[in-house]
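Descriptive analysis of the structure
Chain residues, written in single-letter form:
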Amino acid sequence: MSDMQQLEFFAIPSPCIGVCQSGPRGYCKGCFRSREERLHWLQIDDQTKRIIVKACNRRKQSWLRKQEGAKMEQGRGEQQDLF
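Structure report, in brief. These numbers were taken from a predicted model, which means no experiment stands behind them.

Remarks on the pattern of salt bridges
Overall, the coordinates contain 1 salt bridge when judged by the stated rule. Here Glu37 makes a salt bridge to Arg59, at a shortest N to O gap of 2.9 Å. Placement of Glu37 in helix α1 (residues 35-39) and of Arg59 in helix α2 (residues 46-77) is noted, with a sequence separation of 22 residues between them.

A word on the side chain of Lys49
Mapped onto the elements, Lys49 comes out in helix α2. Despite its burial, Lys49 pairs with no opposite charge; the closest candidate is Asp46, at 4.2 Å N-O. Those residues in contact with Lys49 that lie beyond four places of it in its chain are Ile12, Trp41 and Ile44.

Section: unusual backbone geometry
In this structure, Phe32 takes a positive phi of about 65 degrees despite not being glycine. Relative to the elements of secondary structure, Phe32 occurs in the segment before α1.

Considerations on the packing of aromatic side chains
In the structure shown here, the tally under the stated rule is 1 aromatic pair. On the basis of an interplanar angle of 55 degrees and a centroid distance of 6.0 Å, the ring pair of Phe32 and Trp63 is categorised as tilted. Taken as a pair, Phe32 in the segment before α1 and Trp63 in helix α2 lie far apart in primary sequence, 31 residues in all. Lying over the aromatic face of Trp41, Arg33 brings its terminal NZ or CZ to 5.0 Å of the ring centre.

Rules used in this analysis
Residues numbered from 1 in each chain as written. Predicted model: local features only at pLDDT ≥ 70, side-chain atom pairs only at ≥ 80, totals over all residues. Heavy atoms only, no water. Salt bridge = Lys/Arg side-chain N within 4 Å of Asp/Glu carboxyl O. Helix = DSSP H or I, 4+ residues; strand = E, 2+ residues; numbered from the N terminus. Buried < 20%, exposed > 50% of the residue type's maximum accessible area, 1.4 Å probe, protein only. Lys, Arg positive; Asp, Glu negative; His and termini not counted. Contact = heavy atoms within 4.5 Å. Phe/Tyr/Trp six-rings, centres within 6.5 Å; stacked < 30°, edge-to-face > 60°. Lys NZ or Arg CZ within 6 Å of the ring centre and 35° of its normal.

Here it is as structure tokens:
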């Protein structure tokens, strides 16, 4: 029974959060979907939607790591106040 797939009873909702702007690599700054993924969302099957949502989560995590790294780099260049 451990190798049985979980049954999915609900439709996969759009990950859109209403911030519809393309970033420098073409992904939405709000949901991290590509233009094609956004354009065809209503026509694709639920399995493909799950794959896209997982990809969006990976893209978001990568973006967050890059943002954190950039903040750390900025902090290194500034002299810390000793008093």
